[in-house]
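# Coordinate inspection notes
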Amino acid sequence: MALIELREVTKSYRRDAIEIPVLDRVTITVAEGDYLGLMGPSGSGKSTLLNLLAGIDRPTCGSVRIGDTEISSLPERALAAWRARHIGFIFQLYNLIPVLTAYENVELPLLLTNLSKKQRRDHVMTALNIVGLGDRAQHYPRQLSGGQEQRVAIARAVVTDPAVVLADEPTGDLDAKSAGEVLTLLQRLNQEYKKTIVMVTHDPRAAERASHLLHLEKGTLAEQVKA
Amino acid sequence: MKFISLVLKSARRSKRRTALTVLSVAIAVFLFSSLRAVLDGFSAATEASSSTRVITIRSTSMIFNMPTSHADAIRSVPGVQDLTWANWFGGIYKDPKNFFANIAIEPESYLRMYPEIIVTPEVKKAFLEDRTGCLVGSGLVKRFDWHVGDTIVLKPGIPYYGTQDYTFTIRGVYKAGSSAVDDQTMLFHWKYIDERGAVHGQVGWYVAQLANPDAAARVSQAIDEKFANSPNETKTDTEKQFQASFASMLGNLNLLLGSVALAVVITTLFVAANTMAMSVRERTTEIAVMRTLGFQAATIFMLVVGEGLAVSIAGGAIGAGIARVIINGEFLSMAGGFIPQFGVNNWNAIAGVGLGGLIGVLAALIPAMMASRLKIVDALRRVA
Ligand SMILES: Nc1ncnc2c1ncn2[C@@H]1O[C@H](COP(=O)(O)OP(=O)(O)OP(=O)(O)O)[C@@H](O)[C@H]1O
Ligand SMILES: [Mg+2]
């Protein structure tokens, strides 16, 4: 059984009286341990699709199942708790909390668990060491480079050890070198730590690292077999 | 709780804005605590004042005196059991800033009729035997660091008592036995100032002791009727009414101060609410990120309310603390013997901190609602 399964997912936004269709009966399955790249022109619905997987948005109709949870039917509170346990999310603009240190940013999702302070410290330092920033724990986001910020954000995404990591253009705001580091890191997460990854990207070099590629075009799917 | 440091860090995000909010809450709470204390002082005095004592003053005003001959006339009114009198001396101790009530009394009858003025029999004897002796309240003694046996010189504040200094010897310290009297008053012999004054045989007010409080209205009327159509018409009230009418002289001021304090509190509420709404709006993305990480809407709500509470309790504590320290019996004793025991006490201060907290919670409600209700994807799109 696939880890992630979207079936016949349709999503449309309503702006005033106008219905804007974004996704039209999209069906996708992602196997456990897969690294899926999601490409497509701007406005094709890539972020929307990722948000549905993350459980921060709901489909207009269709089913979104991850593991054995049908998340499209979870009530709001349960959905938030589910996100905390199962999803790591990486944003294009890192979105670290500026008043918190790297350490505190990574610790943030752990505040929702029952872990003791010491256990949290162990998890945070492990995550920071994986991304190679163990020595930057006490730095604030403004004291870090864009690439470092994104690596802290990756540490925050994996610190709770979620099965699924979702990334929305994680290299979109980075120079080539930092982008390369981030992509290598994601690849390690996939291969070494067995994370299932879905990554939205415009960047062909990023797409190269994925094990599968899907192409979204105006809300419908055109699968591309990786060369 | 592990979220507390998160709340405090959020509050420190914009230090200037937080400081200004703290300050405005502090000012509102300061004003409110001080006013509360004044009102408490008035009502405590009115509550504690006796209704078996009636006070007779000149109908025109308290500052005009009456002849001593009124004493016998009042004594002859049926229902009057005892009588004493006193004058407002208005003496100045070194500097007008050192204001306190100093009152010339008919010593024996006054102490007899005011058991609330507590002195030991030895002190009472020493005071009665010394024509230039005085009794001082325990609060005054503390304020000026006086000791029994010290000589106190007062400059007459009313031309009526001449221009030469009056010298008194402290014969003892009294304690205030109820809120009806304060511990900030100096009492001395009426005879001493009557002999030295420019005009003799003048009394500021008479106090009559009644056998039965139910007769107060009738006796008061009977006293005033005695002097009707004389050059020295009188107005007699129970001590309670007297306190109340004195308070009502300041009553309009109270209403004014009360409205001002309320307006300040409400304004502060709006300012704080607006400030918090602003800071929540600035944090839209961050809140959306926290929601994405799995924070519940209710947790976000509590974090924002917690931030409002932390900031406003800090402000409340500062405002109430300052009020507690500077507004006390020694400060603002302008009302003299008439608003005894006036000052911000611990309860006023605690109520002030509570008010601060309430301002914070109320101000945070709408911003917290905004924060907890925002749609994650919309909030994330807004910046990205
Ligand atoms: N909350 C919303 N309200 C209205 N329209 C929306 C909303 N979210 C997305 N859309 C619309 O849905 C379409 C797809 O948006 P989406 O962000 O998924 O595209 P994308 O493929 O991620 O584009 P990009 O590559 O620019 O990030 C766009 O036309 C967008 O305007
Ligand atoms: Mg997008």
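Here goes a summary of the coordinates provided.

The rules behind these values
Residues numbered from 1 in each chain as written. Chains lettered and ligands numbered in written order. Predicted model: local features only at pLDDT ≥ 70, side-chain atom pairs only at ≥ 80, totals over all residues. Heavy atoms only, no water. Phe/Tyr/Trp six-rings, centres within 6.5 Å; stacked < 30°, edge-to-face > 60°. Helix = DSSP H or I, 4+ residues; strand = E, 2+ residues; numbered from the N terminus. Buried < 20%, exposed > 50% of the residue type's maximum accessible area, 1.4 Å probe, protein only. Axes fitted to C-alpha atoms, helices over the stretch in contact; angles between N-to-C directions. Parallel < 35°, antiparallel > 145°, perpendicular 65-115°, else oblique. Left-handed = near helix turned anticlockwise from the far one by under 90°. Contact = heavy atoms within 4.5 Å. Near = heavy atom within 4 Å. Polar contact = N/O pair within 3.5 Å; in protein donor to acceptor, adjacent residues only side chain to side chain. Areas by Shrake-Rupley, 256 points an atom, 1.4 Å probe, with all protein chains shown as cover.

## Considerations on the packing of aromatic side chains
Residue and element names in this part refer to chain B. One pass over the full model with this rule turns up 19 aromatic pairs over all chains. Ring plane angle 85 degrees and centroid distance 5.3 Å describe the contact between Phe168 and Tyr192, whose orientation is recorded as edge-to-face. One end of the pair, Phe168, is in strand E8 (residues 166–176); the other, Tyr192, is in helix H7 (residues 190–196), with 24 residues separating them in the sequence. For the residue pair Phe168 and Tyr192, the accessibility class agrees, reading buried in each case. One aromatic cluster in this structure is built from Phe89, Tyr160, Tyr161, Tyr166, Phe168, Phe188 and Tyr192.

## Notes on the packing of helix H5 (residues 146–158) of chain A against helix H6 (residues 176–191) of chain A
Residues and elements named next belong to chain A. For the pair H5 and H6, interaxial distance at closest approach is 9 Å and the crossing angle is 15 degrees. With respect to their mutual orientation, H5 and H6 come out roughly parallel. For the pair H5 and H6, the crossing hand works out as right-handed. Across the interface between the two elements, Gly147, Gln150, Arg151, Ile154 and Val158 from H5 touch Ser178, Glu181, Val182, Leu185, Leu186 and Leu189 from H6.

## Regarding the environment of B:Lys175
All names here are of chain B. Along the polypeptide, Lys175 turns up in strand E8. In this structure the C-alpha to C-alpha distance between Lys175 and Ser5, which are 170 residues apart in sequence, comes to 49 Å. Setting aside residues up to four positions removed in sequence, Lys175 forms contacts with Glu116, Ile117, Ile118 and Ser138.

## Quick notes on the site of ligand 1
Surveying the vicinity of ligand 1 reveals 15 residues, the closest of which are A:Ser42, A:Gly43, A:Lys46, A:Ser47 and A:Thr48. Flanking ligand 1 are residues from chains A and B. A distance of 3.4 Å separates a nitrogen atom of ligand 1 from a polar atom in the side chain of A:Tyr13. Contacts to ligand 1 include A:Glu169, whose side-chain N or O atom sits 3.4 Å from an oxygen atom. Contact with the protein chains removes 77% of the 630 Å² of surface that ligand 1 exposes when unbound. Elements supplying a minimum of two residues to the shell around ligand 1: strand E1 (4–15) and helix H1 (46–54) of chain A together with helix H14 (376–383) of chain B. A total of three residues in the shell around ligand 1 trace back to one element, the largest contributor, which is H1(A).

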